[in-house]
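One letter stands for each residue in the lines below.
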Amino acid sequence: MPSKSMSMFQISSQQAYRQLLNDNVIQLKKLKKVEQSIFKTLTKQDDMYIDGFSWPVQSNSRFLVDNLYQHQGQPNLRERLVCQKTQFNNRIRGAIHVFEQFCRPHKKDAIYLTEQLSTLFKWLIKKYPNTVGSEFVTASTWRNIIRFKLKLFPRRLNHQDLTHLEYANEQFDYALSFDCFEHIPDFKQGLTEILRVLKPTGKLLFSVPFDVNADETLVRASINDNNETVFHVEPEYHGNPMSKEGSLSYYTFGWDLLNTLKSLGFSDAYGLVYWSKKYAYLGGPQLLLCAEK
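Below is a short write-up of the structure. (Residues numbered from 1 in each chain as written. Predicted model: local features only at pLDDT ≥ 70, side-chain atom pairs only at ≥ 80, totals over all residues. Heavy atoms only, no water.)

For the rest of this paragraph, the subject is the overall build of the protein chain. Counting its secondary structure elements, the protein chain contains seven helices and 16 strands. In the protein chain, which comprises 293 residues, the proportion classed as buried is 53%. If you take every contact in the protein chain between residues at least 6 apart in sequence, the share linking residues at least 24 apart comes to 64%. About 15100 Å² of surface is accessible on the protein chain, with carbon and sulfur atoms providing 49% of the total. (Helix = DSSP H or I, 4+ residues; strand = E, 2+ residues; numbered from the N terminus. Buried < 20%, exposed > 50% of the residue type's maximum accessible area, 1.4 Å probe, protein only. Contact = heavy atoms within 4.5 Å. Areas by Shrake-Rupley, 256 points an atom, 1.4 Å probe, with all protein chains shown as cover.)

Next comes the structure, spelled out in structure tokens:
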């Protein structure tokens, strides 16, 4: 569904993704020039702001870009471009935009978000009151739990194990999960649980580390029969509000994930690719995944 302000496309394979890039090469080259200008500026200063439109607040805003979380020696535009009105980065702003524009949720829809200690959860529950969020709690994180609960989040902390959710069958209209499933060794069981708690017409919208050039998922680490972590490549850890050490990433997913979703029982699975200069969705084509029950 291309538009002048935001381009968004539904694709179901790597071949379709490559064709999409070819069909939009001129537009993507223009965005690349914008990104290169940002990179050049950040070689001379620590940070900068660009102007754009923030979808979550439906107003103009400024977006901070700096050198935090650099990727391959360059600014990480996916994790930065932080809106000064919401403090949402590029990735989260885009997820909200795609959710609302593609899924068209109603105010009273039941939504499950696989995080709770976040500004995203606070934003969602304010706009969609039937939103439920959760965190995965281990014994080593109780000190952090108390700190977050008392100072930042008066709402009761909701512990959920995504491989054994404590929700009834067909409870939610939507499940939202952003950069979560890569941290679950048995991610297939987690996806199966999401399928179980979705209503018959429910959708799962999510993001994970995804290599658009890979046919198959890379297993970065696994758990052996002795419950020990085995590393197959260089360990990669992601930020986690519940842990100073961060969370180990067990997978970098490839296109086989779409077939995996369907093999688990989802009726359809596809990618949603988007980009926009107006909304400051930069850093190359952005990708979310959607699975329909």
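So, about the pattern of salt bridges. Taken as a whole, this structure holds 10 salt bridges when the rule is applied. Note that R196 is salt-bridged to E193, the shortest N-O span being 2.9 Å. Pair noted here: R196 and E193 are both in helix α6 (residues 187-197), with a separation of three residues, about one helical turn. Members of the salt-bridge network, linked through shared partners, are R78, E79, R91 and D179. (Salt bridge = Lys/Arg side-chain N within 4 Å of Asp/Glu carboxyl O.)

The terminal C-alpha atoms of helix α3 (residues 90-103), which comprises 14 residues, lie 19 Å apart, in line with the 20 Å expected from a rise of 1.5 Å per residue. Counting buried residues along α3, 14 of its 14 residues qualify, which places the element largely inside the surrounding structure. You can read the cap of α3 off the contacts: a side-chain oxygen lies 3.3 Å from the backbone nitrogen of R91, and it is on N89. Looking at the residues trailing α3, positive phi occurs at R104, about 55 degrees. (Expected span 1.5 Å × (residues − 1). Polar contact = N/O pair within 3.5 Å; in protein donor to acceptor, adjacent residues only side chain to side chain.)

Turning to the packing of aromatic side chains, a few remarks are in order. Following the criterion strictly, the structure yields 18 aromatic pairs and no others. Their ring planes at 50 degrees and their centres at 5.8 Å tell us that Y17 and W255 sit as a pair that is tilted. With Y17 in helix α1 (residues 14-23) and W255 in the loop between β14 (251-252) and α7 (256-263), this residue pair connects regions lying 238 residues apart in the sequence. Comparing Y17 with W255, the two get one shared label, buried. With a centroid separation of 5.0 Å and an interplanar angle of 85 degrees, the aromatic rings of F210 and W255 are classed as edge-to-face. (Phe/Tyr/Trp six-rings, centres within 6.5 Å; stacked < 30°, edge-to-face > 60°.)

Contact pair α3 / helix α4 (residues 119-127): the axes reach a minimum separation of 12 Å and the direction vectors enclose 25 degrees. What the angle tells us is that α3 and α4 run roughly parallel. Crossing geometry of α3 relative to α4 is assigned as right-handed. In contact with I92, I96 and E100 of α3, α4 contributes L120, W123 and K127. Of the residues assigned to the contact of α3 with α4, the class counts are four nonpolar, no polar and two charged. (Axes fitted to C-alpha atoms, helices over the stretch in contact; angles between N-to-C directions. Parallel < 35°, antiparallel > 145°, perpendicular 65-115°, else oblique. Left-handed = near helix turned anticlockwise from the far one by under 90°. Nonpolar A, V, L, I, M, F, W, Y, C, P; charged D, E, K, R; others polar.)

The three strands lie next to each other as β2-β3-β4, forming an open sheet whose pairing is antiparallel. One side of each edge strand has no neighbouring strand; the edge strands of this open sheet are β2 (47-54) and β4 (82-83). Looking at chain direction, β2 and strand β3 (residues 59-66) are connected through eight bridges and run antiparallel. Looking across to β3, one finds that D47 is bridged to D66. (Pairing = 2+ DSSP bridges.)

With respect to topology, seven strands assemble into an open sheet ordered β1-β15-β16-β8-β7-β5-β6, the strand pairing being mixed. Taken across any chain shown, the strands that pair with only one partner, and hence form the sheet edges, are β1 (7-11) and β6 (131-133). The mean inter-strand angle of the sheet, taken between neighbouring strand axes irrespective of direction, is 20 degrees. In terms of strand pairing, strand β5 (residues 111-113) meets strand β7 (residues 172-178) through three bridges, oriented parallel.

With that settled, the discussion passes to the side chain of T260. Among the structural elements, T260 can be located in helix α7. T260 sits in the buried class, given a relative accessible area of 14%. With near-sequence residues (within four places) excluded, T260 lies in contact with F187 and K188.

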